[in-house]
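So the chains spell out like this:
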Amino acid sequence: MFSDMQAAGARLTYQPSPRDLDLPQGSRAFPHERRWRQPEQRTGNAREDIVISRWTYAQTAVKREEATTPADRYFFSIALKTTRLKLTRGARTIFDGIMPAGTLYVGAPSKPLCAQFHAPCDFLHFHVPANCIPSAKSGRESVTPDVLNDLVLLRDAFAEQLAKALTEHGHLVDQDFARCIAQTLAMHVARREQPRAKVNALPKWRLRRIEEYVRAHFDHCIRLTDLAGVAGLSRMHFAAQFRAATGYRPREYLLHQRIEHAKSLLLNSETSLAEVALAVGFCTQAHFSTVFKRMTGDTPARWRCASRNALVSSGPAAVDPASGRETISGVLPAELRESCEMRNNLIT
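Source: prediction; values computed, not measured.

K.L.:
Give me the lowdown on the nonpolar core, citing residues and values where you can.
P.N.:
The biggest cluster of nonpolar side chains holds 31 residues, and the ones touching the most others in it are Ile210, Phe238, Phe282 and Phe288. Elements represented by at least two residues in this core include exactly α6 (204-217), α7 (224-231), α8 (235-246), α9 (250-268), α10 (273-279) and α11 (285-296). Looking at this core element by element, the count peaks at 7 residues for α9. Among residues more than four places away in sequence, those in contact with phenylalanine 288 are Ile259, Ala262, Leu273, Val276, Ala277, Val280, Phe282 and Pro300. By size, the runner-up hydrophobic cluster in this structure holds 28 residues, among which are Val128, Ile133, Ala163 and Leu166.

K.L.:
A description of the sheet that holds strand β3 (residues 73-79) should follow, citing residues and the corresponding values.
P.N.:
The 5 strands are arranged β1-β8-β3-β6-β9 in an open sheet whose pairing can be described as antiparallel. Each having just a single partner strand, β1 (51-57) and β9 (151-153) make up the two edges of the open sheet. Sheet twist, expressed as the mean angle between neighbouring strand axes with direction ignored, is 15°. Pairing analysis gives 4 bridges linking β3 to strand β6 (residues 104-107), with the strands arranged antiparallel. Directly across from phenylalanine 76, in β6, lies its bridge partner valine 106. With respect to the sheet, helix α4 (residues 157-167) is in contact with β1, β3, β6 and β8 (121-129), its orientation differing from that of β8 by roughly 100°. Strands β1, β3, β6, β8 and β9 of the sheet are contacted by helix α5 (residues 175-190), whose axis makes an angle of about 100° with β3.

K.L.:
Requested: an account of the packing of aromatic side chains, with residues and values cited.
P.N.:
Considering all chains together, one arrives at 10 aromatic pairs under this definition. Where phenylalanine 242 meets tyrosine 253, the ring centres are 5.4 Å apart and the plane angle is 70°; that geometry is what we call edge-to-face. Of this pair, phenylalanine 242 sits in helix α8 while tyrosine 253 is found in helix α9, placing the two residues 11 residues apart along the sequence. The residues phenylalanine 242 and tyrosine 253 share a single accessibility class, namely buried. Pairwise contacts between aromatic rings join Trp36, Trp55, Tyr57, Phe117 and Phe123 into one cluster. Residue placement shows arginine 37 over the ring face of tryptophan 36; its charged tip is 5.2 Å from the ring centre.

What counts, and where the lines are drawn
Residues numbered from 1 in each chain as written. Predicted model: local features only at pLDDT ≥ 70, side-chain atom pairs only at ≥ 80, totals over all residues. Heavy atoms only, no water. Core = buried A, V, L, I, M, F, W, Y, C linked by side-chain atoms within 4.5 Å. Buried < 20%, exposed > 50% of the residue type's maximum accessible area, 1.4 Å probe, protein only. Helix = DSSP H or I, 4+ residues; strand = E, 2+ residues; numbered from the N terminus. Contact = heavy atoms within 4.5 Å. Pairing = 2+ DSSP bridges. Axes fitted to C-alpha atoms, helices over the stretch in contact; angles between N-to-C directions. Phe/Tyr/Trp six-rings, centres within 6.5 Å; stacked < 30°, edge-to-face > 60°. Lys NZ or Arg CZ within 6 Å of the ring centre and 35° of its normal.

Have a look at this one:
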């Protein structure tokens, strides 16, 4: 869905901590999984304990994994990075597309799951005994495996903050603190409000039309009405279905595209920052730099330097013979903030 050039910057910002990876498994608060969803049991850990582990995949080639949740446990997964993947069970597709950072997935006991990773990713996994799931409050739907199975909460802000609390200090996290965070997450899932009405996700063929339109016109004025017209829906229905399909508001998605194009220019050309800002639709370099830093955590100049250094240190990348460009799977950035208004009132 996203061009190879747009994807280059997102790939290079994926930086697993060497300090954490070099530590012995037993000394980490949550060890990295050698096989997907199969954490190494610590010596002395009781079967009823909550187990926390981390799954990272830094390659760009598609990777397929399968696992079945134990009969006495639930499986929680929080995306620490925005990625692209597909989750299936048999012929049924549970999720297919861009999974934003902060997305929470919950699987019930004894349920198999297949995952296809199409881009670098980083997930925090919680293997929670069934007896740790608190019962729901009166008046709400009872908490059963059917209710919690294949639950996908896109960009769950509370789950994302809990994950950050665990990961920001790396291997220094206290085990009791980690267990408390996991229990809080289990309570958050069990006590969540059930949605009153389900919004259908935007069909893939409509989503492809939107992506193609935005790619072709990202440097021009694009209004919500324009996107809704391309999709063939009313503004209200388009906005709701687009968010259900991607986890993003249309304005956020458009902003992503502008910054991703900016990353390509920064990484692959010597274009000045002022020219890059104008080329991707910002009216001033200062505005561009402000939005860029909100989304990536770095200024454009520092990002360009760090990304080029990372590219050199990682060695030559695979090249598509037909295009002569690097073949890198595209993902959106992990962090999003409400942006200040863009030139020409981008989306109203």
